[in-house]
Amino acid sequence: MIKPLGNRVLIKKVEAEEKTQGGLILTSTAKEQPQVAEVVAVGPGTEDEKMEVKVGDKVIFSKYGGTDVKFEGEEYTIMSQSDILAVIE
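For clarity, every value in this text was computed on a predicted model and none was experimentally measured.

A. Local environment of the nonpolar core. Counting residues in each nonpolar core, the largest one holds nine residues, listed as Val-9, Ile-11, Ala-37, Val-39, Val-53, Val-59, Phe-61, Met-79 and Ile-84. Looking at this core, the elements that each hand over two or more residues are β1 (8-13), β2 (36-42) and β3 (58-61). Apart from residues no more than four positions distant in its own chain, Val-9 is found in contact with Pro-4, Val-39, Ala-41, Val-42, Met-51, Val-53, Thr-77, Ile-78, Met-79, Gln-81 and Ile-84.

B. Seen up close, the sheet that holds β2. Strand order in the open sheet made by the six strands is β4-β5-β1-β2-β3-β6, with antiparallel pairing throughout. Pairing within the sheet leaves two strands with one partner each, and these edge strands are β4 (67-71) and β6 (84-88). Across the sheet, the mean angle separating the axes of adjacent strands is 45° when strand polarity is ignored. Here four bridges tie β1 to strand β5 (residues 74-80), and the two strands are oriented antiparallel to one another. Across the sheet, the residue bridging to Leu-10 is Ile-78, located in β5.

C. Quick peek at the pattern of salt bridges. Within the structure shown, the criterion is met by five salt bridges. Glu-38 is the partner of Lys-58 in a salt bridge, and the nearest nitrogen-oxygen pair spans 3.2 Å. Note that Lys-58 is positioned in strand β3 and Glu-38 in strand β2, a separation of 20 residues in sequence.

Parameters and conventions
Residues numbered from 1 in each chain as written. Predicted model: local features only at pLDDT ≥ 70, side-chain atom pairs only at ≥ 80, totals over all residues. Heavy atoms only, no water. Core = buried A, V, L, I, M, F, W, Y, C linked by side-chain atoms within 4.5 Å. Buried < 20%, exposed > 50% of the residue type's maximum accessible area, 1.4 Å probe, protein only. Helix = DSSP H or I, 4+ residues; strand = E, 2+ residues; numbered from the N terminus. Contact = heavy atoms within 4.5 Å. Pairing = 2+ DSSP bridges. Axes fitted to C-alpha atoms, helices over the stretch in contact; angles between N-to-C directions. Salt bridge = Lys/Arg side-chain N within 4 Å of Asp/Glu carboxyl O.

Structure representation (structure tokens):
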């Protein structure tokens, strides 16, 4: 299990759609990198920054934020909470 420290968040990216609304299948180069993810784990926060996201939240994150990691065959991203732009409700 990966446990983020401080104000960091562990996310798992949501896969990009393989088809357009019209039914066209997209190649891997035509798909944009997903910027939507599910929060898998959150750190405890810091004295200066309280954690605003929780496990299970769907979030939109900064395209260039975070560090990609592989753990037990799964791909995750660890990022600062400040790299998360919004929670999808």
